[in-house]
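# Secondary and tertiary structure notes
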Amino acid sequence: EHMLDPLAEAERAGVPVFHAIDHVDALTLTDGGHESEADHDEAAHESEAASMSERDDHSSAPDHAHEEGSTDPHFWMDPMRMAAVARALGDRIGELSGDAGTVRGRAEEYAARLEQLDVDLRETLAAVPEGRRTLVTNHESFNYFADRYGFTVVGTVIPSATTGAEPSAQDLE
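In what follows, the accompanying structure is described. (Residues numbered from 1 in each chain as written. Predicted model: local features only at pLDDT ≥ 70, side-chain atom pairs only at ≥ 80, totals over all residues. Heavy atoms only, no water.)

### A short note on the overall build of the protein chain
Counting its regular elements, the protein chain contains six helices and four strands. If you list the helices and strands of the protein chain from N to C, you get α-β-β-α-α-α-β-α-β-α. Evaluated residue by residue, the protein chain yields a buried proportion of 31% over its 173 residues. When contacts within the protein chain are restricted to residue pairs at least 6 apart in sequence, long-range pairs at least 24 apart make up 54% of them. (Helix = DSSP H or I, 4+ residues; strand = E, 2+ residues; numbered from the N terminus. Buried < 20%, exposed > 50% of the residue type's maximum accessible area, 1.4 Å probe, protein only. Contact = heavy atoms within 4.5 Å.)

### A word on the packing of helix 3 (residues 79-96) against helix 4 (residues 100-125)
Any two packed helices are characterised by the angle at which their axes cross and by the distance between the axes. Orientation of helix 3 relative to helix 4, taken along the N-to-C sense of each, is 180 degrees, at an axis distance of 8 Å. Here helix 3 lies roughly antiparallel to helix 4, going by the angle between them. Grouping the constituent residues of the contact of helix 3 with helix 4 by class yields 15 nonpolar, two polar and seven charged. (Axes fitted to C-alpha atoms, helices over the stretch in contact; angles between N-to-C directions. Parallel < 35°, antiparallel > 145°, perpendicular 65-115°, else oblique. Nonpolar A, V, L, I, M, F, W, Y, C, P; charged D, E, K, R; others polar.)

### Here's the deal with helix 4
Relative to the 38 Å expected for 26 residues at 1.5 Å per residue, helix 4 spans 37 Å between its end C-alpha atoms, a close match to the ideal helical length. Inspection of helix 4 places Ala107, Ala111, Leu114, Asp118 and Leu125 among the buried residues, and these make up the whole buried set. In this structure, the buried side of helix 4 is in contact with helix 3 and helix 5 (143-149). (Expected span 1.5 Å × (residues − 1).)

### As for the environment of leucine 121
Looking at the secondary structure, you find leucine 121 in helix 4. Between the C-alpha atoms of leucine 121 and proline 79, which are 42 residues apart in sequence, the distance is 9.4 Å. The contact partners of leucine 121, leaving out residues within four places of it in the chain, are Pro79 and Tyr149.

### Things to note about the pattern of salt bridges
Under the counting rule described, the total for this entry stands at 10 salt bridges. Aspartate 78 is paired through a salt bridge with arginine 148; the nearest N and O atoms lie 2.9 Å apart. Of the two residues, aspartate 78 sits in the loop between helix 2 (41-57) and helix 3 while arginine 148 sits in helix 5, which places them 70 residues apart along the sequence. Looking at arginine 148, the relative accessible area reads 26%, which means it is partly exposed. Arginine 81 is the partner of aspartate 147 in a salt bridge, and the nearest nitrogen-oxygen pair spans 3.2 Å. With a gap of 66 residues between them, aspartate 147 in helix 5 and arginine 81 in helix 3 connect regions that are remote in the sequence. (Salt bridge = Lys/Arg side-chain N within 4 Å of Asp/Glu carboxyl O.)

### Side note on the side chain of threonine 137
Position of threonine 137 among the secondary structure elements: in strand 3 (residues 134-137). Judged by its relative accessible area of 8%, threonine 137 is buried. Those residues in contact with threonine 137, other than ones at most four positions away along the chain, are Phe142, Val153, Gly155, Thr156 and Val157.

### Describing the packing of aromatic side chains
Enumeration according to the criterion identifies four aromatic pairs in this entry. Plain terms: the ring middles of phenylalanine 75 and tryptophan 76 are 5.9 Å apart, the flat faces sit at 75 degrees to each other, and that makes the pair edge-to-face. Exposure remark for tryptophan 76: the relative accessible area of 47% places this residue in the partly exposed category. For the pair phenylalanine 142 and phenylalanine 145, a centre-to-centre distance of 6.4 Å together with 85 degrees between the ring planes defines the contact as edge-to-face. Using a relative accessible area of 26% as the deciding quantity, one classes phenylalanine 142 as partly exposed. (Phe/Tyr/Trp six-rings, centres within 6.5 Å; stacked < 30°, edge-to-face > 60°.)

### Details of the nonpolar core
Ranked by size, the top nonpolar core spans 13 residues in total, and within it Ile21, Val24, Ala26, Phe75, Met82, Val85 and Tyr144 carry the most contacts. At four residues, helix 3 tops the list of elements feeding residues into this core. With near-sequence residues (within four places) excluded, valine 85 lies in contact with Phe18, Ala20, Val24 and Phe75. If you look at the next biggest cluster of nonpolar residues, it comprises six residues, including Leu125, Leu135, Ala146 and Phe151. (Core = buried A, V, L, I, M, F, W, Y, C linked by side-chain atoms within 4.5 Å.)

Structure (structure tokens):
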């Protein structure tokens, strides 16, 4: 989160900036965990507006907790979403570089590795019965993993999606 101010400043100065979250089916934080924006068009519009406003507003709140209704930023916990980001980033860097074919080829290689990781994870996780696919985590960052692999996040030690949050004594109790 501490990079948001310098990135926003660079973007205002005309530096090309790539918003990876714009290239995935993002999840919206809800009271009960998450929901897919693709499944809820209205939530997608609200989430996009919240996401744009968060990009602008993070500078005033370095410990900003991602509230219900905001976009869950932890999409890298899903290899398939990251494969989509790798391809989109390869296209963007390819547009900016003098060697678009090489850049796009490397991005495609990396995306293929991420897709293989998804296959490997599915094979490994197949041993976990569907009725036991629950997670308790230390941070609200596993919603994309849970969404991809059929898990339910039943609780978090630090109930916030922000990196600046700390549990209270009551939370720890």
